[in-house]
Amino acid sequence: GRLKDKTYSAIGNHEYGDLGFGYFAYFGAVAGEMTKGYYSFDLGSWHLISLNSNCWAIGGCDENSPQGQWLQSDLEAHPTKCTLAFWHHPRFDSGKYGSNTEVTPFWNLLTNAGAEIVLNGHDHLYERFAPQLGDGTASENGIRQFTVGTGGRVLYRLERETPNQEFADDRNFGVLFLTLGESSYAWEFKTIS
């Protein structure tokens, strides 16, 4: 509650337990339209995009889906901004659930538009990847992904090696602090244990 007025949400899999109605009622317009769960906004020189990775619930996540077409249009409308996208299920993941290829179209559209950062949750651990393409190829023209599922429930263990992983922590709860500059960004993962 205390930070609700500063919170921008991305719908996860548990929110569909009540068909998302509690989620959309709680966050209101900040959650996007109830039948979609995706939206975008500007923050300083950055364009932020919240996507819905519950692909089954919204007609898919491919380029030709309603969300894929919306994302393409949104990226075209914001060509000069630094771009950060966030959604629930990570494209790359070394934990319990593993990498999610269903969101690769998001990644490819974002890469083609020059996006810098993707933030995810779902797996209860912290993981950071070097910039990479949607197929997992390391590239300075790729996107850096952070998975931050360390908010206070049980932690999950790392279960596999995933290429391009720079750092992982499956032992500590914590918070990711991002500093978004005019044309740069910096991060710090602060543990609370």
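Below: a short report on this structure. Per chain, residues are indexed from 1 in the order of the written sequence. Predicted model: local features are reported for residues with pLDDT of at least 70 only, side-chain atom pairs are reported and counted for 80 or more only, and whole-chain, interface and lining totals are derived from all residues. Each side-chain value is derived from all of the structure's non-hydrogen atoms; neither hydrogens nor water enter the calculation.

## Digging into the overall build of the chain
For the record, the criterion: Strands here are runs of E lasting at least two residues and helices are runs of H or I lasting at least four, both read from the DSSP assignment and numbered beginning at the N terminus. Pairs of residues are marked as contacts when any of their non-hydrogen atoms sit within 4.5 Å. The protein chains shown are the only cover counted for residues, whose accessible areas, like all others here, come from Shrake-Rupley with a 1.4 Å probe.
Looking only at helices and strands, the chain has 3 helices and 9 strands in total. If one aligns the C-alpha atoms of the chain with their principal axes, the spans along those axes are about 40 × 35 × 30 Å. Put simply, 62% of the contacts in the chain that link residues at least 6 apart link residues at least 24 apart. Approximately 9700 Å² of the chain is accessible, and the part contributed by carbon and sulfur atoms is 51%.

## Some words on the pairing of strand β4 (residues 117-120)
Applied cut-off: The pairing criterion for strands is at least two bridges between them, as found by DSSP. The definition of a right-handed crossover adopted here requires that, viewed with the strands pointing away, the path from the first strand over the helix to the second runs clockwise.
With 3 bridges connecting them, strand β3 (residues 82-86) and β4 associate as parallel partners. The residue bridging A85 from the neighbouring strand is V118, located in β4. Each parallel crossover has a hand, and the one from β3 via helix α3 (residues 104-112) to β4 is right-handed. Across 4 bridges, β4 lies against strand β6 (residues 144-148) in parallel orientation. What sits directly across from N120, in β6, is T147.

## Observations regarding the packing of aromatic side chains
Condition: Ring pairs are drawn from Phe, Tyr and Trp, using the six-membered ring of Trp, whenever the two centres fall within 6.5 Å, and their geometry is named by plane angle: stacked under 30 degrees, edge-to-face over 60, tilted for the rest. Buried, partly exposed and exposed residues are distinguished by accessible area as a fraction of the type maximum, computed with a 1.4 Å probe on protein chains only: under 20%, between the cut-offs, and over 50%, respectively.
Tallied over the full model, the rule gives 16 aromatic pairs. A centroid spacing of 4.0 Å and a plane angle of 20° characterise the contact between Y8 and F41, whose relative ring orientation is stacked. Placement of Y8 in the segment before α1 (21-27) and of F41 in strand β1 (residues 39-43) is noted, with a sequence separation of 33 residues between them. Note on Y8: relative accessible area 41%, which makes it partly exposed.

## Details of the pattern of salt bridges
This is how the line gets drawn: The salt bridge definition used is simple: a Lys or Arg side-chain nitrogen within 4 Å of an Asp or Glu carboxyl oxygen.
One pass over the full model with this rule turns up 5 salt bridges. A salt bridge links D42 to K81; its shortest N-O distance comes to 3.9 Å. Residue D42 is located in strand β1, and its partner K81 is located in the loop between α2 (66-77) and β3; the two are separated by 39 residues in the primary sequence. Here R144 ties to E166 by a salt bridge, and the two come within 2.5 Å at their closest N and O atoms. Of the two residues, R144 is situated in strand β6 and E166 in strand β7 (residues 165-169); the sequence distance between them amounts to 22 residues. What you see here is one network of salt bridges that share partners, running through R128, R144 and E166.

## Some remarks on the sheet that holds β3
We apply this condition: To get an axis, a line is fitted to the C-alpha atoms, and for a helix only the part in contact is used. The angle between two axes follows their N-to-C directions and goes from 0 to 180 degrees.
One open sheet holds the 7 strands; their spatial order is β1-β2-β3-β4-β6-β5-β7, and the pairing between them is mixed. Across the chains shown, the open sheet's two edge strands, defined by having one partner strand only, are β1 and β7. Direction aside, neighbouring strands of the sheet carry axes that sit 15° apart on average. The strands touched by α2 are β1, β2 (46-50) and β3; relative to β2, the strand with the most contacts, the crossing angle is about 175°.

## Let's talk about the environment of G28
Inspection of the secondary structure puts G28 in the loop between α1 and β1. Overall, G28 belongs to the partly exposed group, its relative accessible area being 26%. Along the backbone, G28 and I192 are 164 residues apart, and their C-alpha atoms lie at a distance of 30 Å.

## Topic: α3
For α3, the buried fraction is high: 7 of the 9 residues fall into the buried class. If you check which residues of α3 are buried, you get T104, P105, F106, W107, L109, L110 and T111. Tucked inside the fold, the buried residues of α3 contact β2, α2, β3, β4 and β6. Immediately downstream of α3, the backbone of G114 shows phi near 85°, a positive value.

## Concerning the state of the cysteines
Covalent bonding between the sulfur atoms of two cysteines defines a disulfide. Operational definition: Throughout, disulfides are identified as pairs of cysteine sulfur atoms within 2.5 Å of each other.
By the definition in use, this model includes 1 disulfide. Covalently, C55 is tied to C61 through a disulfide, its sulfur atoms 2.0 Å apart. Linking C55 and C61, the disulfide has an S-S dihedral of approximately -100° and is accordingly described as left-handed. Judged by its relative accessible area of 2%, C55 falls in the buried class.

Function cannot be read off these values alone, since they describe shape.
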